[in-house]
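What follows is the residue order along each chain.
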Amino acid sequence: MRRFPLAFAILGVLSLLMAGAVALGVAQSPTTTDLAVHNGAGETLAASEVVGHYTASSLGSDVVSFVYTPGAVTEVARSAQGAVKAKRSVTGKNAVAILQPIQQLLAIHHFSQHGSTYRSSEPLADLVPARDRAAVSGTYRTAVQLSGGYVVNVHFAINAVEQGQKVSETVDYRLTRVGSWEAT
């Protein structure tokens, strides 16, 4: 019986390539904490109704309440004293913009769980297009709470320097109803 050393060499190389592919796949697969946040975000984005409010450091003490159903959103901005400052309704594909904080969670990784809160802190440069990375430094911190399989609280904090200018921004996004889930 004749032996073919080349066949064994090819088999060995293929085995090494497969082992490398498996190792790479495991290294790049999302963690269970990332999966929990991403699955919660996906469920929230697919909900039949989302009700909540948000504040942002750029809005001062104003609070914006909203009711979202696929294809429509109603927003009401109120001052700290409760006076209505503005109202608007948006229909069509632009209505989903109110869920942008939830959508953003799908692009964030490296969450760690601290009780019922999932946290991530990433260099801001990782979240901007490659052409803008040299001009930006700082961190982008995220804290997320899940309940009933949905994202119900999101807090974003940006502390950065962009072209020598210090930038600090926070956003608190709280949901009181998502699909059949309701805050108690």
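Structural data are supplied above this passage.
Quick notes on the rules
Residues numbered from 1 in each chain as written. Predicted model: local features only at pLDDT ≥ 70, side-chain atom pairs only at ≥ 80, totals over all residues. Heavy atoms only, no water. Salt bridge = Lys/Arg side-chain N within 4 Å of Asp/Glu carboxyl O. Helix = DSSP H or I, 4+ residues; strand = E, 2+ residues; numbered from the N terminus. Pairing = 2+ DSSP bridges. 1 Å grid on protein atoms, 1.4 Å probe; cavity = no way out; pocket = protein on both sides within 12 Å on 5 of 7 lines; lining within 4 Å. Points joined across faces, edges and corners; volume = space filled by probe spheres on them.

A. Highlighting the pattern of salt bridges. Enumeration over the complete set of coordinates arrives at 3 salt bridges. The partner of Arg177 in a salt bridge is Glu49, and the shortest N-O contact between them spans 3.7 Å. One end of the pair, Arg177, is in strand β9 (residues 165–178); the other, Glu49, is in the loop between α2 (32–45) and β1 (50–56), and 128 residues separate them in sequence. A salt bridge links Asp62 to Lys85, with the shortest nitrogen-to-oxygen separation between them at 2.9 Å. One end of the pair, Asp62, is in the loop between β1 and β2 (63–69); the other, Lys85, is in strand β4 (residues 84–91), and 23 residues separate them in sequence.

B. Region of interest: the pairing of β9. When β1 meets β9, the two strands line up antiparallel, connected through 7 bridges. Residue pairing for β9: His53 is matched across the bridge by Arg174. As judged from the 10 bridges shared by strand β8 (residues 150–162) and β9, these two strands associate in the antiparallel manner. Residue Ile158 lies in a different strand from β9, and its bridge partner there is Glu169. Between the end of β8 and the start of β9, which pair antiparallel, lie 2 residues, with Gln163 showing a positive phi angle near 50 degrees. Examined bridge by bridge, β9 and strand β10 (residues 181–182) share 2 bridges and lie antiparallel to one another. The partner of Arg177 across the bridge, within β10, is Glu182. Where β9 folds back onto β10 in an antiparallel hairpin, the turn is made up of 2 residues, including Gly179, whose phi is positive at roughly 55 degrees.

C. Just the layout of surface pockets, in detail. The volume enclosed by the largest pocket comes to roughly 180 Å³. In terms of lining residues, the largest pocket is bounded by 13 residues, among which Tyr54, Pro101, Gln104, Val171 and Tyr173 are the most central. Of all the secondary-structure elements, those providing two or more residues to the lining of the largest pocket are β1, α3 (100–105), β8 and β9. Among the elements that line the lining of the largest pocket, the one with the most residues is β9, at 3 residues.

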